[in-house]
Amino acid sequence: MTLPREENSTPCEHREPTTEAPPSGSLPRIEVVSADTTPTPEELAAQHSAEAPNALDAISATTPDAGLVEQNVPEHNLHFGPEITLPEDPASVARVVAELEAAHSDAALVTEHEAAMATIAAADDEVGTVSWRVMLPALLIAVALIAPAILVPDAMKDVVNAISLGLIHSLGWYYSLIVVGFVIYVIVIATSRYGDITLGADDDEPAYSRASWFAMLFAAGMGIGLVFFGVSEPLSHYVSPPPGTSAGTQAQLAQNAMDTTFLHWGLSAWAIYTVVGLSVAYMSHRKGRSVSIRWVLEPLLGDRVRGWVGDLIDIAAVLGTLFGVAASLGFGAVQFTAGMEYLGVLTSTPVVLLLVVIGVTSLAALSVASGLDKGIKILSNSNLILGIILLLAVLLLGQPLFVLREFVQSLGQYIQQFIPLSFRTMPFLGEEGQAWLSSWTVYYWGWWMSWSPFVGIFIARISRGRTIREFIVGVLAVPTLVTFLWFSVMGGTALWQQMNGVDLTANEGWSTTALFTMLEQLPGGPVLSGLFILLLVVFFVTSADSASFVLGMLSSGGSSQPPLGVRLVWAAMEGTIAATLLWVGASTGHATDGLTALQVLAVMTALPFSVVMVLSCVSMFKAFHEEQRLRDAAERQLVRERVNAMIDHAVATPRRPREWMPSVPLYTAPRRRK
């Protein structure tokens, strides 16, 4: 590669420097003369060896910005630019010049980029090592929480009830306050200057197209919870309205039920996921840290996250994810057996519940052990397609006009009622109000926080190259609207049937069978019920598999390839926790008693992680502010350098008559005067 020359310049050769002083107020002048060839690096080195004092002219003559080369330099210590020093040895001079040419060549840049990508790929393919300081304490704490349920189930039930009446009641105001704070935080960040920051290098392109990214966010918004609560929650709020709800018509009760359901599954839930996902994405894609929760507090705590403080953060994330996923698996198992019993395939008993959990957990462990990631991706995509098909089937075979009208109205009601419902803590309703909050709103906030490491890491991994504003808007808007549509179709259809003579709540334990009772009223009900059971099973397997992967990452230092044994251990723990508590609940009363225990444990384990989330907001705000400060300083420096270059150019170049504009524009050339 030949160093570039200015336009209309000619090849040059060495000439003795002039001793004539430059005119006052102008830049030093360097004279060049014409020649037939441009000196090569070897010729420059030879000239430096023969006549070192004159090497500056030779180098300056081949430099496009010759007038800006530093002039006042020692005789044998030549400076080529601000950071390059040419040595005294001629061979070294030739080597430095050759390296400069190679460093600026396109081929060198491509080779360097390929080498960097190869290094990253090699790191991704490398199997991580177990972080026993995280995994062992997390396992011991989980076993300590579950063991009493096996050894003394009755006493454990009393303890769970006491915790629910005491600790969970006391956390209601705190959870409600920080969840509203999370919503405000993400909206402020998205609308501020920080929203322009890229999650990755400034020139990184998104890893997925916008359509694919939206599809994956849609998949993140679907799960066992939507299938279980899609019908049962709106019906629950309709049949048993929240305390303090004024008695009204059936239409008013139905609308209040949808308002409360939208609150629990709307922006608040996805703001929790956004806080964790944004923090992980920024620290991993922008700062190059591993995918571990501890690094989100590095801007606030510094190197302390590398020690025991970071271990505690990861342990809290592991426990929250473990019990949150176990609760979801428990819901899935109960509804699966209820559906099979409703179809007359089997009878729901404690042993059947246990076998279902063991069977599905075994499928998840087999999926983990097989390493068939491509097959799991195909299965997940197929499950997503099946969910969309079932959504459309219920909409079109049921009451499509009613559902669409109810969707639009409920969306408007949600926007109108968001603030009062979000701050609803029922202080004047006594124990009744506190019991309802701990069973619904407070439980949901704790459940979302326990799930946030899992979902947050997923959405962070697929969002490289997005801006912070695009990330927040996409994660808040797309899954929220999809979730609202799901509840409007499933819950709206169920409410229409309930209000028009079909009692979906007549059976004992109706919360697990209401979905299948509703489907029975539609054409092709048995087929739809079978497809929903299939949807549950695949959600069960893929959720357990994915959660095992995330737990493996958290307990192996954020490695993108956690050891197989670690993933299998966590898959077994998820199934064991779900099966144990369901068995205890079904043996001492009803399976939902076990689900209550899972709910309480999820809310308890979310408490320490909620502190991590609050600190992560402060930490990320500090990191964003520092990056913006450095960016502003760099822009001011660039402006100063450009202005100085314009002044130097204007001083060194005689101005033509009637020419007022500089020939070197600052950003864009201004319009000429008329």
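Residues numbered from 1 in each chain as written. Predicted model: local features only at pLDDT ≥ 70, side-chain atom pairs only at ≥ 80, totals over all residues. Heavy atoms only, no water.

Undergrad: Just checking my understanding: could you explain the overall build of the protein for this structure?
TA: Helices and strands together make up the secondary structure of the protein, namely 22 helices and two strands. The burial tally for the protein puts 48% of its 674 residues in the buried class. Sequence-distant contacts, at least 24 apart, represent 79% of the contacts inside the protein between residues at least 6 apart. As presented, the protein carries roughly 31,900 Å² of accessible surface, and 62% of it is formed by carbon and sulfur atoms. (Helix = DSSP H or I, 4+ residues; strand = E, 2+ residues; numbered from the N terminus. Buried < 20%, exposed > 50% of the residue type's maximum accessible area, 1.4 Å probe, protein only. Contact = heavy atoms within 4.5 Å. Areas by Shrake-Rupley, 256 points an atom, 1.4 Å probe, with all protein chains shown as cover.)

Undergrad: Would you mind showing me how to read a nonpolar patch on the surface here?
TA: On the surface, Trp-173, Leu-177, Ile-419 and Phe-423 cluster together into a nonpolar patch covering about 480 Å² of accessible area. Exposure remark for Trp-173: the relative accessible area of 55% places this residue in the exposed category. (Patch = residues over 30% accessible without salt bridge, like charges linked within 9 Å, V, L, I, M, F, W, Y side chains within 5 Å. Salt bridge = Lys/Arg side-chain N within 4 Å of Asp/Glu carboxyl O.)

Undergrad: What should I look at first to understand helix H12 (residues 308-342) in this one?
TA: Taking 1.5 Å of rise per residue, the 35 residues of H12 would be expected to cover 51 Å, and the 51 Å separating its terminal C-alpha atoms lies within 8% of that figure. Counted residue by residue, H12 has 31 buried out of 35 residues, so it is predominantly covered. Phi turns positive, to about 80 degrees, at Gly-344, one or two residues after H12. (Expected span 1.5 Å × (residues − 1).)

Undergrad: What should I look at first to understand the nonpolar core in this one?
TA: Here is a general trend for soluble globular proteins: nonpolar side chains tend to be buried in one another's company. Judged by nonpolar contacts, the single largest core of 172 residues is most densely connected at Tyr-175, Ile-293, Trp-447, Met-518, Phe-532, Trp-570 and Phe-624. With near-sequence residues (within four places) excluded, Phe-532 lies in contact with Val-227, Leu-390, Val-394, Trp-486, Met-490, Leu-515 and Leu-519. (Core = buried A, V, L, I, M, F, W, Y, C linked by side-chain atoms within 4.5 Å.)

Undergrad: Help me understand the environment of Gly-525, please; the structure alone is not making it clear to me.
TA: Counting through the fold element by element, Gly-525 comes out in helix H20 (residues 525-554). Sequence separation of Gly-525 and Val-394 is 131 residues, and the distance between their C-alpha atoms is 9.7 Å. In this view, Gly-525 contacts Leu-519 and Glu-520; residues no more than four positions away in its chain are not counted.

Undergrad: Is there a simple way to explain the packing of helix H9 (residues 250-265) against helix H15 (residues 400-422) in this structure?
TA: Two quantities define a packed helix pair, namely the angle between the axes and the distance from one axis to the other. Relative orientation of the contacting elements H9 and H15 amounts to 65 degrees, with a least axis distance of 8 Å. In terms of orientation, H9 and H15 fall into the roughly perpendicular class. For H9 against H15, the interelement crossing comes out right-handed. Contacts between H9 and H15 involve Gln-255, Met-258, Asp-259, Phe-262 and Leu-263 from the former and Glu-406, Gln-409, Ser-410, Leu-411, Gln-413, Tyr-414, Gln-417, Leu-421 and Ser-422 from the latter. Class assignment of the residues belonging to the contact of H9 with H15 gives a composition of six nonpolar, six polar and two charged. (Axes fitted to C-alpha atoms, helices over the stretch in contact; angles between N-to-C directions. Parallel < 35°, antiparallel > 145°, perpendicular 65-115°, else oblique. Left-handed = near helix turned anticlockwise from the far one by under 90°. Nonpolar A, V, L, I, M, F, W, Y, C, P; charged D, E, K, R; others polar.)

Undergrad: In this structure, what is going on with the packing of aromatic side chains? I would like to understand it.
TA: The description of an aromatic ring pair rests on the distance of the ring centres and on the angle between the ring planes. Here the structure, examined in full by the defined rule, presents 30 aromatic pairs. Taking the centre distance of 6.4 Å and the plane angle of 70 degrees together, the rings of Phe-262 and Tyr-414 count as edge-to-face. Taken together, the residues Phe-262 in helix H9 and Tyr-414 in helix H15 connect sequence positions 152 residues apart. Connected via pairs of aromatic rings, a cluster forms that spans Phe-228, Phe-229, Trp-265, Trp-270, Tyr-273, Phe-331, Trp-440, Tyr-443, Tyr-444, Trp-447, Trp-448 and Phe-487. (Phe/Tyr/Trp six-rings, centres within 6.5 Å; stacked < 30°, edge-to-face > 60°.)

Undergrad: Can you help me understand the side chain of Ser-559 in this one?
TA: Here Ser-559 lies in the loop between H20 and helix H21 (564-588). Of the residues examined, Ser-559 reaches a relative accessible area of 13% and is grouped as buried. In this structure the side chain of Ser-559 is engaged in a polar contact, spanning 3.1 Å, whose partner is the backbone nitrogen of Gln-561. (Polar contact = N/O pair within 3.5 Å; in protein donor to acceptor, adjacent residues only side chain to side chain.)

Undergrad: Hey, could you run me through the packing of helix H8 (residues 224-239) against H9 in this one?
TA: Between H8 and H9, whose axes approach to 8 Å, the crossing angle comes to 140 degrees. What the angle tells us is that H8 and H9 run oblique. When you trace H8 past H9, the crossing you get is right-handed. Of H9, the residues touching H8 (which contributes Gly-225, Leu-226, Phe-229, Glu-233, Pro-234, His-237 and Tyr-238) are Gln-250, Leu-253, Ala-254, Ala-257, Met-258, Thr-260, Thr-261, His-264 and Trp-265. Class assignment for the residues of the contact of H8 with H9 results in nine nonpolar, six polar and one charged.

Undergrad: Where do I start with empty space enclosed by the protein in this structure?
TA: The method is simple in principle: a probe with the dimensions of a water molecule rolls over the atoms, and the space it marks as empty is what remains. All chains considered together, the criterion is met by three cavities of 30 Å³ or more. Empty space within the largest cavity amounts to approximately 50 Å³. As for the largest cavity, its lining consists of Val-275, Val-276, Ser-279, Val-280, Ile-293, Val-296, Phe-609, Val-612, Met-613 and Ser-616. Listed by contribution, the elements that provide at least two residues to the lining of the largest cavity are helix H10 (267-286) and helix H22 (591-652). (1 Å grid on protein atoms, 1.4 Å probe; cavity = no way out; pocket = protein on both sides within 12 Å on 5 of 7 lines; lining within 4 Å. Points joined across faces, edges and corners; volume = space filled by probe spheres on them.)

Undergrad: Quick question: what am I supposed to make of the environment of Leu-404 here?
TA: Of note, Leu-404 is situated in helix H15. Along the primary structure Leu-404 and Gly-492 are separated by 88 residues, whereas in three dimensions their C-alpha atoms are 9.2 Å apart.

Undergrad: Help me understand the side chain of Glu-627 in this model?
TA: Tracing the backbone shows Glu-627 in helix H22. Looking at Glu-627, the relative accessible area reads 10%, which means it is buried. The contacts of Glu-627, once residues within four sequence positions are left out, are Ile-197, Tyr-282, Arg-286 and Lys-287.

Undergrad: Honestly, the pattern of salt bridges in this entry has me stumped. Any pointers?
TA: A side chain of one charge can pair with a side chain of the opposite charge if their charged atoms are brought near each other. The tally for this structure, following the rule as stated, stands at 17 salt bridges. Its salt-bridge partner being Arg-193, residue Asp-632 comes within 2.8 Å of it at the nearest N-O pair. You can see Asp-632 sitting in helix H22 and its partner Arg-193 sitting in the loop between helix H6 (153-191) and helix H7 (210-221), a full 439 residues away along the chain. Judged by its relative accessible area of 17%, Asp-632 falls in the buried class. Linking Glu-298 and Arg-289 is a salt bridge whose minimum nitrogen-to-oxygen distance equals 2.8 Å. Classification of Arg-289 as partly exposed rests on a relative accessible area of 28%.

Undergrad: I'm lost on unusual backbone geometry in this one. Help?
TA: One can expect most non-glycine residues to show negative phi and most peptide bonds to be in trans. Of note in this structure, Met-426 is not a glycine but carries a positive phi near 50 degrees. With respect to the helices and strands, Met-426 occurs in the loop between H15 and helix H16 (430-439). Exposure remark for Met-426: the relative accessible area of 6% places this residue in the buried category.

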